[in-house]
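Here is what each chain is made of, one letter per residue.
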Amino acid sequence: MFSTQNTNLEKLYKIPQTLADISVDIFGGICTRRNFLHKMRFTGQKGENKTPYMCLGLCKPVEVEEKLVYPYVSGNASAKYVIPPANFHFLLPYKFSKGKARVLSPSELKSDYPLTYKRVLEFKKEFNHNDAPLYSADYYSVQGRKLLEYLGTPKIIVNEYYGLQAAFDPTGQQIFEEGCGIVLNDPKKYNYVTAVLNSPLAKQLPALCRLEELYFSALAPEALRHFPIVFPENKETENLISTLSGYLGLLQNQKYAEKAIFGTSSRYDELTVFYKNLTDFLIMDTYLTNDLDPEFLEILKTHIPSIEGFEGSSKSGYEREAEAIYIKGDKILNELRTVRQNILEAPDLEKCRFGGSFTNVLNGICVC
């Protein structure tokens, strides 16, 4: 069944635990026949006399109640580890209570959210040429109730952009159409699973599905449920992978913040490559060889601090001033460069044993 060139695929195929076993649910995004009604472009101009949204259907600025608006993740945008700032937002005329979602009736919309009601009526008149009162909530309802049920619940969002890419949504507020959402049983596993889904192993998912005679898209919930999941036998290795995944999220988040202001930011790329290669190295060892040199593990344990202790890891949000954001980036770079240097200059690193297929990976992480 397997050739000698497919030994890694065979090992993955034999892993008994899957993503479905550790998840509360794996589900697709929402869909609607009136995308231009629900999706709005963020103009980036909030103010007392300015409206922040541009209606894609009406091609003009619109006013809606902020309570009904959620950030939108595009399937075309590259998003690994963390969600990029939302260029688009999604209008959801729904009421949420105890994990249940109910579309607001036209009368509720008119009395409680008059700005949104006015916009929906205008949209209906423009595209349906109908001046009649709004008579049915079906006009602005959406399909994809699973996502609505988990709105506000932390989740991983998986998209496909030259391969699988996974980003963690800690607030659970992100709306998406393409891709899948994953809610895990154990919230402490999010960083680890995000790293695994962003690793080279994810490229093997279509082949694994074919072995099961499943011919879904790699992004179908049915396919992701079959993704093999292995946790390191050594809890310290799992903690290291989770911490490194947090580093990568921190770097990517800061890059997004600077790019939004300065148009570009490449100063994080070198460190991102280093920590990504190191993370992949540990994941590949966990899945395929399980022969990590204990001395190397000790070096990593000694020199990789928890992300909570980092100056740049504050969750209070970015300051709006460009200078403050750039200074924050300087702190992150300095801290993570120090961690990298401590690893590479560890006296016992040259004594560590690295064999077989991981030699190239090791060479990659040791480029200063």
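First things first, this report covers the structure right here in the doc. Keep in mind that this is a model prediction, so the values were computed, not measured. (Residues numbered from 1 in each chain as written. Predicted model: local features only at pLDDT ≥ 70, side-chain atom pairs only at ≥ 80, totals over all residues. Heavy atoms only, no water.)

1. A look at the nonpolar core
- Formed by 113 residues in total, the largest nonpolar core has its most connected members in Leu19, Ile156, Tyr275 and Tyr287.
- By residue number, the principal contributor to this core is helix α10 (residues 269–289), which donates ten residues. (Core = buried A, V, L, I, M, F, W, Y, C linked by side-chain atoms within 4.5 Å. Buried < 20%, exposed > 50% of the residue type's maximum accessible area, 1.4 Å probe, protein only. Helix = DSSP H or I, 4+ residues; strand = E, 2+ residues; numbered from the N terminus.)

2. Quick word on the packing of aromatic side chains
- Going through the model one piece at a time under the given rule, you end up with twelve aromatic pairs.
- Judged by centre distance (5.7 Å) and plane angle (90°), the rings of Phe281 and Phe296 are edge-to-face. On the criterion of sequence distance, the pair formed by Phe281 in helix α10 and Phe296 in helix α11 (residues 294–303) is long-range, its members being 15 residues apart.
- Residue class for Phe296 comes out buried when judged on its relative accessible area of 1%.
- Clustering of aromatic rings is evident, with ring pairs tying together Tyr70, Tyr94 and Phe96.
- Above the ring of Phe88, the side-chain terminus of Lys39 is found at 5.4 Å from the ring centroid.
- Between Lys189 and the ring centre of Phe231, over which it is positioned, the NZ or CZ distance is 4.5 Å. (Phe/Tyr/Trp six-rings, centres within 6.5 Å; stacked < 30°, edge-to-face > 60°. Lys NZ or Arg CZ within 6 Å of the ring centre and 35° of its normal.)

3. Examining helix α9 (residues 235–262)
- With 28 residues, α9 should cover 40 Å at 1.5 Å per step; its first-to-last C-alpha distance of 41 Å lies within 8% of that length.
- A distance of 2.8 Å separates the backbone nitrogen of Glu236 from a side-chain oxygen at the start of α9, and that oxygen is part of Asn234.
- Count one or two residues on from α9 and you reach Gly263, which has phi positive near 90°. (Expected span 1.5 Å × (residues − 1). Polar contact = N/O pair within 3.5 Å; in protein donor to acceptor, adjacent residues only side chain to side chain.)

4. Considering the packing of α9 against α11
- Relative to each other, α9 and α11 sit at 50°, their axes nearing to 11 Å. In terms of their interaxial angle, α9 and α11 are classed as oblique. Relative to α11, the crossing made by α9 is left-handed. Across the interface between the two elements, Glu236, Thr237 and Leu240 of α9 pack against Leu297, Leu300 and Lys301 of α11.
- The class makeup of the residues in the contact of α9 with α11 is three nonpolar, one polar and two charged. (Axes fitted to C-alpha atoms, helices over the stretch in contact; angles between N-to-C directions. Parallel < 35°, antiparallel > 145°, perpendicular 65-115°, else oblique. Left-handed = near helix turned anticlockwise from the far one by under 90°. Contact = heavy atoms within 4.5 Å. Nonpolar A, V, L, I, M, F, W, Y, C, P; charged D, E, K, R; others polar.)

Structural measurements only, silent on function.
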